[in-house]
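Each chain, letter by letter, is given below.
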Amino acid sequence: MKIKEAVFAISNTDHKKCPDGNLPEYAFIGRSNVGKSSLINMLTEQKKLAKTSGKPGKTQLINHFLINQEWYIVDLPGYGYAKVSKSAREKFEKFISDYLTKREQLLNVFVLLDSRLEPQQIDLEFMNWCGQKEIPFAMVFTKIDKLSSSALQKNMAKYKKEMMKYWEELPPVFTTSSESGFGREKLLNYIENINLAVKNG
Ligand code: GDP
């Protein structure tokens, strides 16, 4: 898919105030610092569309970016950041979970995982929660330029093993580098195919 246009649409903390209409939405979520802003900028080929985190946990908003006037990238707040107070965390978890469970236009959640790390409890819990709520999601391993391909395979295998404890099959898996642009085509094609399937009913 060619990205001809990517523009900021709206930020808020209420799924009811998200854009009207029925354009498909694809949400991106992960722990703070996982590389979410960098990935959104890489996908859209813009330097500053999503704000890379100076202070993690600061921008706790649902951000909509309109792509090609046809679909939205939705940038969700990073979860599990320890410095956010518990009550603030509960509040943002509620508005994120409201968005994820109630937003009919949401077609897929990309769960970002730092490819350098061993499986993280909070990520596994979040993916299990998505599964229980029947929210379609895909796993996206970020920053793959930062490790060797054998280390990457090893970490991915560990995630797979953990996931298979709970699920019969794995969700789609992507590997990306915002440094090199690796994974861009595959991820955008995945979105394009869902958009086409929806359009053709
Ligand atoms: P966010 O908090 O999830 O939005 O993460 P950011 O996009 O702000 O990235 C966090 C840090 O990781 C920044 O210093 C980025 O430059 C770095 N980073 C993000 N993606 C990549 C990547 O693919 N490769 C490398 N080498 N660094 C990355």
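We now turn to the structure provided with this report. Just so it is clear, the model here is predicted, and its values are computed rather than measured.

**Remarks on the pairing of strand S4 (residues 71-75)**
- For S4, the tally of buried residues reaches 5 of 5 residues, placing the bulk of the element in the interior.
- Residues Trp71, Ile73 and Asp75 of S4 are buried on one face, and the alternating residues Tyr72 and Val74, pointing to the opposite face, are buried as well.
- Sheet topology note: the strand S2 (residues 25-30)/S4 ladder contains 4 bridges and is parallel. Bridge assignment links Glu25 to a residue of S4, and that residue is Tyr72.
- Note that strand S3 (residues 62-67) and S4 share 5 bridges and pair antiparallel.

**Concerning the pattern of salt bridges**
- A full pass over the atoms with the stated rule returns 11 salt bridges.
- Arg103 serves as the salt-bridge partner of Glu25, at 2.5 Å between the closest nitrogen and oxygen. In this pair, Glu25 is assigned in strand S2 and Arg103 in the loop between helix H2 (86-102) and strand S5 (106-114), connecting sequence segments 78 residues apart. Arg103 matches Glu25 in its accessibility class, with the two residues each being buried.
- Between Arg184 and Glu185 there is a salt bridge; the shortest N-O distance is 3.8 Å.
- Each member of the salt-bridge network shares a partner with another, and the members are Glu45, Arg184 and Glu185.

Rules used throughout
Residues numbered from 1 in each chain as written. Predicted model: local features only at pLDDT ≥ 70, side-chain atom pairs only at ≥ 80, totals over all residues. Heavy atoms only, no water. Buried < 20%, exposed > 50% of the residue type's maximum accessible area, 1.4 Å probe, protein only. Helix = DSSP H or I, 4+ residues; strand = E, 2+ residues; numbered from the N terminus. Pairing = 2+ DSSP bridges. Salt bridge = Lys/Arg side-chain N within 4 Å of Asp/Glu carboxyl O.

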